[in-house]
Amino acid sequence: MDPHYDAQDVARCDLCEVAIVQSYCDFCHVNLCKPCIGEHISDDYSKHTIVPFQQRRSTLIYPKCETHPKRACEYQCEDCNIFLCTDCFASKPHNKKHKLSKLDEMFSKKKDQIKKDKQEIKEQILPVYDDIASELKNQISHIDVDYQKFTKQLSKHREELHREIDNVMNQREKEIDENKLKHLSILKKYLEEIKQLQSLMHETLDSLYEMEESNEVTSTLHYSSKNPEFSKLPPKVIVSMPKFIPKPIEKEELCNLIGKLTPLSTTLEERVFTAKKPNTSVRELLDEPEVLITIKTGHKELRSVTCLNEEEIWTSGGTADIKCFNTQGVLQKTIKTKSGVWPRGIAVYSDGALVYSDPSTRTVYKVKNDQTEEIIRLQGWTPAKLCVTSSGDLLVTMFSDDKTQSKVVRYSGSTVKQTIQFDDDGQPLYSGNSKSKYITENRNLDICVADYEAGAVVVVNQAGKLRFRYTGPPSSTKKKPFEPWGITTDSQSRIFTSDSNNHCIHVLDVDGQFLRYIDNCDLKFPTGLCVDNGDSLFVCEYYRGNVKRIRYLK
């Protein structure tokens, strides 16, 4: 009760409505003061249950007997499935062979079952449904990207079909031109023959004019007429024009030519319920972390390391090469950036696809099965560090062209889902410089950024609300200011950030409290960090070009 409103908050007797309540009838659910108790139970003392007010509703409320309305049933016949009071036994004894159960014992067992069921739903069943819902949400968030692949496939096929159709049409046009030239040649040939005959007839006419005027007997007598020969006209040239006979377009045939899209199919796969047990085991930190292996990457200015599992460790530095090693330090493969410029950030999707950011083209590329695909292209901003989240989204740190602003953007495929830039007061969360800001996601879905220029680790929750800033331990034995580079988290939601200038790593708890340094492993200028699924810590050494695998848990 609020002490400022005692008069309003105090419980009053339900009968007199004046006196302060002191007792409670657990049978009638009535508040009572001491003077009113007698009046309340006067009708039938036996049926009422008076308890102190603080113990109200502690008495079981039994069902009333249908045969003896003033009696409460305290038994159940399991054979007849009816409730019985003590009077029922006295007036008409129940079948002695039937099994009777006491209601208070049954009530107690049911209460235990209810408590157990509640705990099981809360701690085991509901978390499984949460995972199922999260999985479906993840599928929904990726559906646009997945269907965009179909559209791209279809567009590519459309271009191929158009190209082939254009090739066929060009071939037909060429055939038409060839036929035209042939046709023209035939007509010109016959025209030339006609012209020759015409010329011969003109010559004959000239001779006949002369002979007609001449008086020479001999030449006139030797004249022989050519008219019969000229009267034999040359054959008429008929050249049949080629015809284009278009093939009727059959819609079904065209569909078959283009290809088919398999119908959407839905199958329901039976789930086997496995109780999700919370991870209560806490692995303690080693007093003296130890280096398990040193991988010589050959990178100049080694900046980043990332891994999906223990067998593929991706690294990048100041060249265009992105190298993959196994845990023994053996080089597995090398990928070169498309532009030939060093990648600003690298990360790995759950399916093993590599993503990297290219500052020269302001682009993020995805590489899978040796195929490189552009997934994000920015304008006015340059992408920097990358992180693939537990839900399959991609977090990208980026800075503006004028190098005055920085932000974190969440992508689902190529679609922007979230932008994190300002706090609740409208102030920038991150320093506005062009230096890379390493980023990671914690197990509690916090987004953690190592802001070098600000000298702080900035942590926001999933919604982008500021949780805390870590600017170094309360007291430090280190000589140089705290300027964090790389950042990563482990299965216990601890945060690790590299303090390059002081040649060490800061270990924080989930709420940003300093736990300890890792500074005994001969680290020199540590930069990029990552933790594998076995909680091994991988650390880049900037100038040495080494990746050290460190065991830090007991």
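Calculation rules
Residues numbered from 1 in each chain as written. Predicted model: local features only at pLDDT ≥ 70, side-chain atom pairs only at ≥ 80, totals over all residues. Heavy atoms only, no water. Buried < 20%, exposed > 50% of the residue type's maximum accessible area, 1.4 Å probe, protein only. Helix = DSSP H or I, 4+ residues; strand = E, 2+ residues; numbered from the N terminus. Pairing = 2+ DSSP bridges. 1 Å grid on protein atoms, 1.4 Å probe; cavity = no way out; pocket = protein on both sides within 12 Å on 5 of 7 lines; lining within 4 Å. Points joined across faces, edges and corners; volume = space filled by probe spheres on them. Nonpolar A, V, L, I, M, F, W, Y, C, P; charged D, E, K, R; others polar. Axes fitted to C-alpha atoms, helices over the stretch in contact; angles between N-to-C directions. Core = buried A, V, L, I, M, F, W, Y, C linked by side-chain atoms within 4.5 Å. Contact = heavy atoms within 4.5 Å. Patch = residues over 30% accessible without salt bridge, like charges linked within 9 Å, V, L, I, M, F, W, Y side chains within 5 Å. Areas by Shrake-Rupley, 256 points an atom, 1.4 Å probe, with all protein chains shown as cover. Salt bridge = Lys/Arg side-chain N within 4 Å of Asp/Glu carboxyl O.

Glancing now at the pairing of strand E30 (residues 546-553). Counted residue by residue, E30 has seven buried out of eight residues, so it is predominantly covered. By the bridge criterion, seven bridges tie strand E7 (residues 285-296) to E30 in an arrangement that is antiparallel. Within the sheet, the bridge partner assigned to Val291 lies in E30 and is Ile550. Sheet topology note: the strand E29 (residues 537-541)/E30 ladder contains five bridges and is antiparallel. Counterpart to Val539 in the pairing with E30 is Lys548. Once E29 ends, the chain turns through four residues before running back antiparallel as E30, passing Gly545 with a positive phi of about 75°.

Within this model, the second largest pocket holds a volume of roughly 770 Å³. Considering the residues around the second largest pocket, the lining is formed by 20 residues, among which Ile165, Lys247, Ile249, Leu254 and Leu257 are closest to the centre. Mapped onto the lining of the second largest pocket, the elements with two or more residues apiece are helix H4 (103-213) and helix H7 (251-258). Of the residues forming the lining of the second largest pocket, the biggest block, 10 residues, is contributed by H4. Partitioned by chemical class, the residues of the lining of the second largest pocket number 12 nonpolar, two polar and six charged.

What the three strands build is an open sheet, ordered E5-E4-E6; its pairing is antiparallel. Both edges of this open sheet fall to strand E5 (82-84) and strand E6 (100-102), since each of them pairs with a single strand only. Neighbour-to-neighbour, the strand axes of the sheet open up by a mean angle of 35°, direction not taken into account. When strand E4 (residues 75-77) meets E5, the two strands line up antiparallel, connected through three bridges. Note on E5: the bridge partner recorded for Tyr75 is Leu84.

Residue position: Ile82 is located in strand E5. With a relative accessible area of 36%, Ile82 lands in the partly exposed category. The spacing of Ile82 and Cys65 is 17 residues in sequence and 9.7 Å in space, taken between C-alpha atoms.

A separate point is the nonpolar core. For soluble globular proteins, nonpolar side chains are generally found buried alongside one another. Ranked by internal contacts, the top residues of the largest apolar core, which has 15 residues, are Ile376, Leu394 and Tyr411. Counting only elements with at least two residues in this core, the list comes to strand E15 (371-377), strand E16 (381-388), strand E17 (394-400) and strand E18 (406-412). Element by element, the count of residues in this core is highest for E17, at three residues. If we ignore the near neighbours within four places in the chain, the residues touching Leu394 are Tyr349, Val355, Val364, Ile375, Ile376, Leu386, Cys387, Val388, Val409, Arg410 and Tyr411. With 14 residues, the next largest nonpolar core counts Cys521, Leu523, Leu537 and Leu553 among its residues.

Looking now at the sheet that holds strand E28 (residues 526-531). On the basis of which strands lie adjacent, the open sheet formed by four strands has the order E7-E30-E29-E28 and antiparallel pairing. Strands with a single pairing partner mark the edges of an open sheet, and in this sheet they are E7 and E28. Across this sheet, the average inter-strand angle for adjacent strands is 25°, counted without regard to direction.

Bringing a nonpolar patch on the surface into the picture now. On the surface, Ile143, Tyr147, Phe150, Leu261 and Leu264 cluster together into a nonpolar patch covering about 570 Å² of accessible area. Position of Tyr147 relative to the elements: it lies in helix H4.

Time to look at empty space enclosed by the protein. All told, the structure shown has one cavity of 30 Å³ or more when counted by the stated rule. Each pocket or cavity is described by its volume, and for the largest cavity that value is around 50 Å³. Thr397, Met398, Ser406, Lys407 and Lys437 are the residues nearest the centre of the largest cavity, which is lined by 11 residues in total. Looking at the lining of the largest cavity, the elements with two or more residues in it are E17 and E18.

Function cannot be read off these values alone, since they describe shape.
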